[in-house]
Amino acid sequence: MAKHLAQIIISGAQILGRAFAKTIQNEIQASQQAAKMRQTSHVNSDAAATSLSGISLQEAKQILNVADLQNAETLAKNYEHFFKANDKLSGGSFYLQSKIVRAKERIDRELQTVEANSRKDPGNGE
């Protein structure tokens with residue numbers, strides 16, 4: 001009986017070991033492919049910013065209920081309102097609060113990009 005139990009334990013450990021090794025190999029391959037794609041593809045700044053923050057500019061604008069990114073007063077007012085309204089202490093949702101923070105970060109990143117581009121190309125006139 002003990003011999004059979006030991007064989008079952010060993011077989012199970014071997015199966016789990018193989019599955020774990022295969023999973024690690026797949027993860028390494030996926031990581032290498034992603035690194036190659038980042039090196040070879042020319043991704044525009046919007047897609048890069050979206051991949052960094054996990055949120056698109058359009059989604060960020062919807063979350064903070066802003067249409068014009070240049071209106072800093074409305075942006076700040078909406079951010080403060082939504083952030084306070086979703087405070088966990090007042091019965092809000094930490095998840096929604098974090099989405100609001102990510103939306104603000106995404107919009108800030110977009111504004112920095114626009115500002116940097118306007119400094120690079122001051123003769124654009126647009």
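Here, every reference points to the structure presented above.
As the structure is a computational prediction, the values presented were derived from the model and not from experiment. (Residues numbered from 1 in each chain as written. Predicted model: local features only at pLDDT ≥ 70, side-chain atom pairs only at ≥ 80, totals over all residues. Heavy atoms only, no water.)

1. Looking at the overall build of the protein
Looking only at helices and strands, the protein features 5 helices and 0 strands. N-terminal to C-terminal, the α/β element order of the protein is α-α-α-α-α. By the burial criterion, 15% of the 126 residues in the protein qualify as buried. A fraction of 54% describes how many contacts in the protein between residues 6 or more apart in sequence connect residues 24 or more apart. On the protein, roughly 9900 Å² of surface is accessible, and the fraction owed to carbon and sulfur atoms is 57%. (Helix = DSSP H or I, 4+ residues; strand = E, 2+ residues; numbered from the N terminus. Buried < 20%, exposed > 50% of the residue type's maximum accessible area, 1.4 Å probe, protein only. Contact = heavy atoms within 4.5 Å. Areas by Shrake-Rupley, 256 points an atom, 1.4 Å probe, with all protein chains shown as cover.)

2. Concerning a nonpolar patch on the surface
Together, Phe 20, Ile 24 and Ile 28 make up an exposed nonpolar region whose accessible area comes to about 300 Å². For Phe 20, the position within the fold is in helix H1 (residues 2–40). (Patch = residues over 30% accessible without salt bridge, like charges linked within 9 Å, V, L, I, M, F, W, Y side chains within 5 Å. Salt bridge = Lys/Arg side-chain N within 4 Å of Asp/Glu carboxyl O.)

3. Quick look at the environment of Ser 56
Tracing the backbone shows Ser 56 in the loop between helix H2 (45–53) and helix H3 (57–64). Here Glu 59 takes part through its backbone nitrogen, which lies 3.1 Å from a polar atom of the side chain of Ser 56. (Polar contact = N/O pair within 3.5 Å; in protein donor to acceptor, adjacent residues only side chain to side chain.)

4. A look at the packing of H3 against helix H5 (residues 94–120)
For any two helices packed against each other, the geometry comes down to the angle between their axes and how far apart the axes lie. H5 packs onto H3 with a crossing angle of 125° between their chain directions and a minimal axis gap of 9 Å. By the angle class used here, H3 and H5 are oblique. Classified by chirality, the crossing of H5 by H3 is left-handed. Judged by residue contacts, Leu 57, Glu 59, Ala 60, Lys 61, Ile 63 and Leu 64 of H3 engage Lys 99, Ile 100, Ala 103, Lys 104, Arg 106, Ile 107 and Glu 110 from H5. (Axes fitted to C-alpha atoms, helices over the stretch in contact; angles between N-to-C directions. Parallel < 35°, antiparallel > 145°, perpendicular 65-115°, else oblique. Left-handed = near helix turned anticlockwise from the far one by under 90°.)

5. Digging into the nonpolar core
Judged by nonpolar contacts, Ile 55, Leu 57, Ala 60, Leu 64, Val 66, Leu 69, Leu 75, Tyr 79, Ile 100, Ala 103 and Ile 107 together constitute the single largest core of 11 residues. Ignoring any residue separated from it by four or fewer positions in sequence, one finds Ile 100 in contact with Ile 63, Leu 64, Tyr 79, Phe 82, Phe 83 and Asn 86. (Core = buried A, V, L, I, M, F, W, Y, C linked by side-chain atoms within 4.5 Å.)

6. Some remarks on helix H4 (residues 72–85)
Taking 1.5 Å per residue as the helical rise, H4 with its 14 residues ought to reach 20 Å, and the 20 Å between its terminal C-alpha atoms agrees with that figure. When H4 is considered as a whole, its buried residues turn out to be Leu 75, Asn 78 and Tyr 79. One side of H4 holds all its buried residues, which, seen down the axis, span an arc of 100°. The outward face of H4, more than 90 degrees from its buried face, is lined by the exposed residues Glu 73, Lys 77, His 81 and Lys 84. (Expected span 1.5 Å × (residues − 1). Arc of directions from axis to C-beta.)

7. Structural notes on the pattern of salt bridges
It is possible for side chains bearing opposite charge to pair when their charged atoms get close. Using the criterion set out here, one finds 5 salt bridges in the structure. Across the pair Glu 59 and Lys 99 runs a salt bridge, and its minimum N-O distance is 3.7 Å. Highlighted residues: Glu 59 in helix H3 and Lys 99 in helix H5, separated in sequence by 40 residues. According to the relative accessible area criterion, Lys 99 is partly exposed, its value standing at 24%. Put simply, Arg 102 and Glu 105 hold a salt bridge, and the shortest N to O gap is 2.9 Å. Of the two residues, Arg 102 and Glu 105 are both situated in helix H5; the distance of 3 residues between them amounts to about one turn of the helix. Look at Arg 102 and you get partly exposed, because its relative accessible area is 37%.

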